[in-house]
Amino acid sequence: MRWWQEAVVYEVYVRSFADSDGDGVGDLNGIRGRLGYLELLGVDALWLTPFYRSPMVDHGYDVADPRDVDPLFGDLESFDALLAEAHRRGMQVVVDLVGNHTSTEHEWFRGAVESAPGSPERARYHFRPGRGRNGAEPPNNWRSVFGGPAWTHVPGPGGEPGEWYMHLFTADQPDLDWTNPEVWADTEKTIRFWADRGVDGFRIDVAHGMAKPETLPDDLRQPGWTPLGHRDNDPRFDDPGVHDVHRMIRAVLDHYPGRMAVGEVLVGDDEAFARYVRPDELHQAFGFRLLHAPFEADAVRAAIDRTLATFAGVGAEPTWTLANHDVPRAVTRYGGGDVGTARARAMALVVLALPGSVYLYQGEELGLPDVELAEEAVQDPSGRGRDGCRVPMPWDAEPPGYGFTTGAAWLPMPQEYGRLTVAAQLEDVGSTLSLYRRALELRANHPGFAGDAVEWYGAPPGCFAFRRSASTLVCALNASSVPVPLPPGDVLLTSVPLVDGELPPNAAAWLT
Ligand code: TEU
């Protein structure tokens, strides 16, 4: 068993976890100061979002130097100290690898803009002449994931028509050209740089994006909306060449025992998705199906079955996640308020009862809802979409910083966070934090959480129950509107108190 195969990994959104220097933005020393909390919570590993040198247009996903720490977050020394302290406490550390694009502030891109079309400097990115009269139209019709064309024009030195460069995200995030061997060599250097310092894993950003089809054909699909912004037959993503990139990443990591890679693979087709976790590619990919499933027993069950089958098909362990820094929080997705909270707590017991590993997102264990931010507070370059789940962690009762910062938090923290603080919830046995702590403790120590398959039981309408096939551990979910009797067994944990021995609506239970 390798450390990640059943791990509970906690995503730390670095900007919003803990601020040690009062500038309103979280930092590495802040995280180190809160490791005791993560140990108490019982997670096995942390995933740190990008803390590298960056102009922070996309809050660090626009990397100017992947082998240095941005002064906003600390320095290499504070990183090493954080890593050492996490290891001392028995937690692994996963860092982000942003390989699809750099920042426009990366020295490569600055050099490319200053160099002539056709130069080796430009060949690290996708520079192309435009179409139409004077090349005034972008080279193809691709759209950026965040809206607008995926191309930006760079005028020639004398003002004559220049070239366009591709960016699947903001114009400040030019896409690297992965047919260029220098891009491979530099990525390998980055992996080695952090692996040599002792990091235990890499989260591969936009893992479905690095390779592009050679001819950059127009996107012939009709416009449409999907929750994560991608659909299949999308020429921008899932080009077959991307698998060579993941084989390279895997080959480098194979030199470092105990290290892993987990991909952010936004590919809808199950077979296409599974290719990313074949034995010689990434160790894991995020299983996002539950993020898209409504709180309905059949939909959740179907998402679980599909996820299990997809991963099993290539011999990889499944992974589960209910939240990350790009999507509305579970409490809000499930309807908000008390109902949303109850459902999120129930779903926490569902995912933590499943085989494989679980990725939690900071604040999920507090039952934080999304925050409705005023227009002027919004900072996300993709529009207001993602800031609501990125509001800093409330640690204690004192507004305005709630123990996150002594200064002004980079996103304003709402009053409702005052009753959801870590300090308040640690004291309260009925809190969401206490539920997560108990669930993680059982998951780590109870023998019932063994084996890699589940068996479904018969259950009343709107409900389900599954058993871990190698044990007697049962997880029951009531997504109906009436209380239901529990399956036979001793109750280990429930997401809310039972009512007259029955499982109320919007609740889950573990039995053995
Ligand atoms: O996300 C990849 C991605 O495609 C996202 O655009 C996602 O579809 C969107 O955020 C949903 O609203 C990764 C990171 O997780 C994200 O934070 C970055 O902005 C993006 O890459 C660019 O690096």
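Residues numbered from 1 in each chain as written. Predicted model: local features only at pLDDT ≥ 70, side-chain atom pairs only at ≥ 80, totals over all residues. Heavy atoms only, no water.

Trainee: Sorry if this is basic, but what is going on with the sheet that holds strand β9 (residues 201–204) here?
Mentor: Whenever strands of a sheet pair, they do so through backbone hydrogen bonds, lying parallel or antiparallel. Ordered in space as β11-β10-β9-β5-β2-β1-β13-β12, the 8 strands form an open sheet in which the pairing is parallel. Looking at strand neighbours, the two that pair on one side only are β11 (284–285) and β12 (319–321), the edges of this open sheet. Looking at chain direction, strand β1 (residues 8–12) and strand β2 (residues 45–48) are connected through 4 bridges and run parallel. Each residue of the ladder has a partner; that of valine 9, found in β2, is alanine 45. (Pairing = 2+ DSSP bridges. Helix = DSSP H or I, 4+ residues; strand = E, 2+ residues; numbered from the N terminus.)

Trainee: Can you help me understand the packing of helix α11 (residues 337–352) against helix α13 (residues 432–445) in this one?
Mentor: Working note: a packed helix pair is described by the angle between its axes plus the distance between those axes. Between α11 and α13, the least distance of the axes is 10 Å, while the angle of their chain directions is 10°. On the basis of the axis angle, α11 is roughly parallel to α13. Between α11 and α13, the contacting residues are Thr341, Arg345, Ala348, Leu349 and Leu352 on the first element and Thr432, Leu435, Tyr436, Ala439, Leu440 and Arg443 on the second. Residue composition of the contact of α11 with α13, by class: 7 nonpolar, 2 polar and 2 charged. (Axes fitted to C-alpha atoms, helices over the stretch in contact; angles between N-to-C directions. Parallel < 35°, antiparallel > 145°, perpendicular 65-115°, else oblique. Contact = heavy atoms within 4.5 Å. Nonpolar A, V, L, I, M, F, W, Y, C, P; charged D, E, K, R; others polar.)

Trainee: Would you explain the environment of asparagine 324 in this entry?
Mentor: On the secondary structure map, asparagine 324 appears in the loop between β12 and α10 (330–333). Since its relative accessible area comes to 7%, asparagine 324 is described here as buried. Through-space distance from the C-alpha of asparagine 324 to that of valine 371 is 15 Å; in sequence the pair is 47 residues apart. Apart from residues no more than four positions distant in its own chain, asparagine 324 is found in contact with Glu11, Phe288, Tyr361 and Cys389. Polar side-chain contacts of asparagine 324 include one of 2.8 Å to the backbone nitrogen of aspartate 326. (Buried < 20%, exposed > 50% of the residue type's maximum accessible area, 1.4 Å probe, protein only. Polar contact = N/O pair within 3.5 Å; in protein donor to acceptor, adjacent residues only side chain to side chain.)

Trainee: Can you walk me through the domain arrangement of the protein chain in this structure?
Mentor: Many analyses report the size of an interface as the accessible area lost when the parts associate. Here the protein chain is partitioned into domain 1 (8–102 + 181–441), domain 2 (107–166) and domain 3 (451–511). Look at where the C-alpha atoms of domain 2 and domain 3 centre, and you get two points 56 Å apart. (Domains from an automatic or database assignment.)

Trainee: What exactly am I supposed to notice about α13 here?
Mentor: Helical geometry: 3.6 residues make up each α-helical turn, so side chains three or four residues apart lie on a common side. In this model α13 runs 20 Å from its N-terminal to its C-terminal C-alpha over 14 residues, within 8% of the 20 Å that 1.5 Å per residue would give. Among the residues of α13, those classed as buried are Thr432, Leu433, Ser434, Leu435, Tyr436, Ala439, Leu440, Leu442 and Arg443. (Expected span 1.5 Å × (residues − 1).)

Trainee: Which parts of the structure should I look at to understand the sheet that holds strand β14 (residues 454–456)?
Mentor: Spatially, the 5 strands line up as an open sheet ordered β14-β15-β16-β20-β18, and their pairing is antiparallel. This sheet does not close on itself; its edge strands, each paired only once, are β14 and β18 (491–494). Looking at each pair of strands side by side, their axes are set apart by 20° on average, direction ignored. Bridging between β18 and strand β20 (residues 507–511) involves 3 bridges; their strand directions are antiparallel. Each residue of the ladder has a partner; that of leucine 493, found in β20, is tryptophan 510. Contacts from α11 reach β15 (463–468), β16 (474–478), β18 and β20 within the one sheet, and its direction differs from that of β20 by about 35°.

Trainee: I'm lost on the pairing of strand β4 (residues 65–69) in this one. Help?
Mentor: Look at any regular strand and the pattern is simple: side chains alternate between the two faces of the sheet. Extensive coverage of β4 is indicated by the burial of 4 of its 5 residues. One ladder, built from 2 bridges, connects strand β3 (residues 52–53) with β4; its direction is antiparallel. What sits directly across from tyrosine 52, in β4, is valine 69.

Trainee: What am I meant to see in the environment of alanine 374 here?
Mentor: Tracing the backbone shows alanine 374 in the loop between β13 (357–361) and α12 (422–426). C-alpha separation for the pair alanine 374 and histidine 283, spaced 91 residues apart in sequence, amounts to 40 Å.

Trainee: Sorry, what's going on with the side chain of serine 115 here?
Mentor: Summarising the element assignment, serine 115 is placed in the loop between α4 (107–114) and β6 (127–129). Take serine 115: its relative accessible area is 17%, and that puts it in the buried class. Within the structure, serine 115 has its side chain in polar contact with the backbone oxygen of glycine 111 (distance 2.6 Å). Other than its neighbours up to four places away in sequence, serine 115 contacts Glu121 and Arg122.

Trainee: Help me out: how do you make sense of the environment of leucine 290 in this one?
Mentor: Along the polypeptide, leucine 290 turns up in helix α8 (residues 289–292). Linking leucine 290 and glycine 60, residues 230 residues apart in sequence, is a C-alpha distance of 27 Å. Setting aside anything within four residues of it in sequence, one finds leucine 290 in contact with Val300, Ala303, Ile304, Trp320, Thr321, Leu322, Arg333, Tyr334, Met347 and Val351.

Trainee: Explanation requested: the packing of aromatic side chains in the structure shown.
Mentor: Two measures describe an aromatic ring pair: the distance that separates the ring centres and the angle between the ring planes. Inspection of every chain in the model, using the stated rule, returns 25 aromatic pairs. Each ring, one from phenylalanine 51 and one from phenylalanine 79, has its centre 5.1 Å from the other, and the planes form 20°; the classification is stacked. Of this pair, phenylalanine 51 sits in the loop between β2 and β3 while phenylalanine 79 sits in helix α3 (residues 76–88), placing them 28 residues apart in sequence. By the burial criterion, phenylalanine 51 is buried, and phenylalanine 79 matches it. Every member of this aromatic cluster is reached through a ring pair, and the members are Phe51, Tyr52, Phe79, Phe193 and Trp194. Sitting over the ring of tryptophan 410, arginine 15 keeps its end group 4.2 Å from the ring centre. When the ring centre of tyrosine 334 is taken as reference, the NZ or CZ atom of arginine 333 above it lies at 5.4 Å. (Phe/Tyr/Trp six-rings, centres within 6.5 Å; stacked < 30°, edge-to-face > 60°. Lys NZ or Arg CZ within 6 Å of the ring centre and 35° of its normal.)

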